Amino acid sequence: MRPTAILDIGSSKIVCLYGSRTEDGGTVVHGAGVVPYAGYREGVFVDRDSLRDALRSAVQKAEQESCMRIREITLTVPAEFAQLHLADATISLGTRPRVVLGADVDKLIAVSLKRVKQPQDYVLMHSTPVFFMVGGTTSAELPEGIMADELSALVSHMYASEDYVREITESLDELGVELAACVSAQLGEAITLIPESERVRPAVLIDVGYMQTEICVAENGALIGIGTLPVGGYHFASDLSFGLDISPEQAEQVKRRFDFTLAVEGRGEVLRTGEGTRRVSGAAISYIIEARAGELAVMLRAELDRLHVVLSPHLSVHVSGGGLFMMRGAPEYMREALGLALKKDMPWSPRLSTPNYCSAFGALDFVLHAAGGGTAAGTGEENAAVPRGKKIARKLFDFLTK
């Protein structure tokens, strides 16, 4: 299978990956470009020049490392620029039971889509069935070939901000790179990180990034809930900078060296400044970081409640992101604060195998597997978020429903 490129737009960095599938179904990265930039706040890019420079640099670095020219790319859409709408639908197949055809599934999804009010200034990315119902039986399996007289489904419709797609497309045009498709960043990460066996019932993914935290709820091959919180790794460092009266750069280093598992007396820091050295109290560092972590835990529980997630010991919750979970002892601390069994997993890779690359690697793995999917009938709908170029919406549907 030929290599595929993805572009992952994070809140503090842009990642371009160029990779392909191995014969055993794995994913290999041929080239990677990771570039920091000014990011976005509340759905708006802070500095468009920073965005375009970083995007150009990320793509060029991936090309140089892979020694390949990127001509088309799949763009991930963060939760900040996405909307999710769920809609159910039922269609009659006639007065007598007959075999369900691919065209029937297409029609069912189209009927579901018509029940959604088009969000203003948003365009459809993809429509994914959460489950089908045939003869009173619910299943995530594609019902094609089954005898039925009626077919029902709950469908997840994901939309992308038109402004977001336009902004990235204009930057790609300058590079001569064509936008092939748009996919939800959370969907790609969730499908890659959360085992299929755990998505039989709703499962949660929490990604703590640098400027914000994203939460999504996945069921089978679709998302049924998404949310964002305005707290990330930056805020931990900002609190340290203000509370300890140290520079943001020093605060970031203190944050990265912090270990939730150490006793307070073992957490002191000796910092070098222009005036010499200064000792910072371990108790003060611990108080500041744990206060912010505790606040994040409260916000996460409130967001899970808003998303109607039933909190129980059996709930599958996976975590990722470099804002918090790369700190030693952070998963264990948040596990106790939330009262949930958190899992920090990352698909094995000889590189980019840390939680801060989960979103990008998940997107690449997701798109590669989707592009290599089977030949089952698809939605019949093109990826509307793509202004031109080749479409992979049908293959995405094949992958998600197989």
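Coordinates for the structure precede this section.
Residues numbered from 1 in each chain as written. Predicted model: local features only at pLDDT ≥ 70, side-chain atom pairs only at ≥ 80, totals over all residues. Heavy atoms only, no water.

K.L.:
Even after reading the chapter, I still don't get the overall build of the protein, so can you show me in this structure?
P.N.:
In terms of regular secondary structure, the protein is built from ten helices and 20 strands. By residue count, 55% of the 402 residues in the protein fall in the buried class. Relative to all contacts within the protein whose residues are 6 or more apart in sequence, the contacts with residues 24 or more apart total 69%. On the protein, roughly 17800 Å² of surface is accessible, and the fraction owed to carbon and sulfur atoms is 50%. (Helix = DSSP H or I, 4+ residues; strand = E, 2+ residues; numbered from the N terminus. Buried < 20%, exposed > 50% of the residue type's maximum accessible area, 1.4 Å probe, protein only. Contact = heavy atoms within 4.5 Å. Areas by Shrake-Rupley, 256 points an atom, 1.4 Å probe, with all protein chains shown as cover.)

K.L.:
Mind showing me how you'd approach the nonpolar core here?
P.N.:
General note: in soluble globular proteins, nonpolar side chains tend to be found buried as a group. Of all hydrophobic cores here, the largest spans 60 residues; its most connected members are Leu7, Ile73 and Ile168. Among the elements that make up this core, the one with the highest residue count is helix H9 (residues 358-371) (eight residues). Excluding anything up to four places from it in sequence, Leu7 contacts Ile14, Val15, Cys16, Leu55, Val59, Ile73, Thr74, Leu75, Thr76, Ile168 and Leu172. Counting residues in hydrophobic clusters, the runner-up holds 39 residues, among them Ile215, Leu244, Leu304 and Met334. (Core = buried A, V, L, I, M, F, W, Y, C linked by side-chain atoms within 4.5 Å.)

K.L.:
How should the packing of helix H5 (residues 233-244) against helix H6 (residues 248-257) be read in this particular structure?
P.N.:
Two packed helices can be described by the angle between their axes and the distance between those axes. Taken N-terminus to C-terminus, the directions of H5 and H6 make an angle of 115°; their axes are 8 Å apart at the nearest point. Note on packing geometry: the crossing formed by H5 with H6 is right-handed. On H6, the residues that touch Gly233, Phe236, Ala237, Leu240 and Ser241 of H5 are Pro248, Ala251, Glu252, Val254 and Lys255. For the contact of H5 with H6, the residue count by class is six nonpolar, two polar and two charged. (Axes fitted to C-alpha atoms, helices over the stretch in contact; angles between N-to-C directions. Left-handed = near helix turned anticlockwise from the far one by under 90°. Nonpolar A, V, L, I, M, F, W, Y, C, P; charged D, E, K, R; others polar.)

K.L.:
Just checking my understanding: could you explain the pattern of salt bridges for this structure?
P.N.:
For the structure on display, the rule yields 18 salt bridges. In this structure, Glu174 engages Arg52 in a salt bridge whose closest nitrogen and oxygen atoms are separated by 3.0 Å. A residue pair is termed long-range when its members are at least 10 positions apart, and Glu174 in helix H3 (residues 162-175) and Arg52 in helix H1 (residues 48-66) qualify at 122 residues. Asp88 is the partner of Arg115 in a salt bridge, and the nearest nitrogen-oxygen pair spans 2.6 Å. Remark: Asp88 occurs in strand E7 (residues 82-92) and Arg115 occurs in the loop between helix H2 (102-114) and strand E9 (122-134); sequence separation between them is 27 residues. Taking the relative accessible area as the measure of exposure, Arg115 reaches 57% and is therefore exposed. Salt bridges here are not isolated pairs; linked through shared partners, they connect Arg48, Arg52, Asp53, Arg56, Glu167, Glu170 and Glu174. (Salt bridge = Lys/Arg side-chain N within 4 Å of Asp/Glu carboxyl O.)

K.L.:
Would you mind going over the packing of H1 against H3 with me for this structure?
P.N.:
With their axes 10 Å apart at the nearest point, H1 and H3 run at an angle of 50° to one another. Put simply, H1 runs oblique to H3. Pair H1 / H3 crosses with right-handed handedness. Facing H1, whose interface residues are Arg48, Leu51, Arg52, Leu55, Arg56, Val59 and Gln60, H3 presents Glu167, Ile168, Glu170, Ser171, Leu172, Glu174 and Leu175. (Parallel < 35°, antiparallel > 145°, perpendicular 65-115°, else oblique.)

K.L.:
Explain the sheet that holds strand E2 (residues 13-21) here, please?
P.N.:
One key point about sheets: their strands pair by backbone hydrogen bonds, in either a parallel or an antiparallel sense. Across the sheet, five strands lie side by side as E3-E2-E1-E6-E13; this open sheet has mixed pairing. Each having just a single partner strand, strand E3 (27-36) and strand E13 (178-184) make up the two edges of the open sheet. Adjacent strand axes in the sheet meet at a mean angle of 25°, parallel and antiparallel pairs treated alike. Bridging between strand E1 (residues 4-9) and E2 involves six bridges; their strand directions are antiparallel. (Pairing = 2+ DSSP bridges.)

K.L.:
I'm lost on the sheet that holds strand E19 (residues 317-320) in this one. Help?
P.N.:
Spatially, E16-E15-E14-E19-E20 is the arrangement adopted by the five strands of the open sheet, whose pairing is mixed. Each end of this open sheet is capped by a strand with a single partner; those strands are strand E16 (222-229) and strand E20 (342-344). The mean angle between the axes of side-by-side strands here comes to 25°, regardless of whether they run parallel or antiparallel. Alignment of strand E14 (residues 203-208) against E19, held across four bridges, turns out to be parallel. When the bridges of E19 are listed, Asp207 appears paired with Ser320. Its contacts with the sheet put helix H7 (residues 282-306) on E14, strand E15 (213-219) and E16, and the angle it makes with E16 is roughly 145°.

K.L.:
In this structure, what is going on with the pairing of E19? I would like to understand it.
P.N.:
Moving residue by residue along a regular strand, the side chains alternate between the two faces of the sheet. Residues Val317 and Val319 of E19 are buried on one face, and the alternating residues His318 and Ser320, pointing to the opposite face, are buried as well. As judged from the three bridges shared by E19 and E20, these two strands associate in the parallel manner. Bridging across to E20, Val317 finds its partner in Leu342.

K.L.:
Mind showing me how you'd approach H5 here?
P.N.:
An α-helical turn contains 3.6 residues, so a residue and the one three or four places further along point in the same direction. When the terminal C-alpha atoms of H5 are compared, their 17 Å separation across twelve residues agrees well with the 16 Å that a helix rising 1.5 Å per residue should span. Taken together, the buried positions of H5 are Gly233, His235, Phe236, Ala237, Leu240, Ser241 and Leu244. Against the buried residues of H5 lie H6, strand E18 (276-280) and H7. Trailing H5 by a residue or two, Asp245 shows a phi angle of about 60°, which is positive. (Expected span 1.5 Å × (residues − 1).)

K.L.:
It is not clear to me how the packing of aromatic side chains should be interpreted in this structure. Could you clarify?
P.N.:
Ring pairs (aromatic) are described by centroid distance and by the angle formed between their planes. Taken as a whole, this structure holds nine aromatic pairs when the rule is applied. Measuring from ring centre to ring centre gives 5.3 Å for Phe45 and Phe81, while their planes differ by 20°; the resulting arrangement is stacked. Residue Phe45 is found in strand E5 (residues 44-45), and its partner Phe81 is found in the loop between strand E6 (72-77) and E7; the two are separated by 36 residues along the sequence. Like Phe45, the residue Phe81 is buried in the burial classification. Grouping aromatic residues by their ring pairs yields a cluster made of Tyr37, Tyr40, Phe45, Phe81 and Tyr164. One residue, Lys13, lies across the ring of Tyr357, its end atom 5.6 Å from the ring centre. (Phe/Tyr/Trp six-rings, centres within 6.5 Å; stacked < 30°, edge-to-face > 60°. Lys NZ or Arg CZ within 6 Å of the ring centre and 35° of its normal.)

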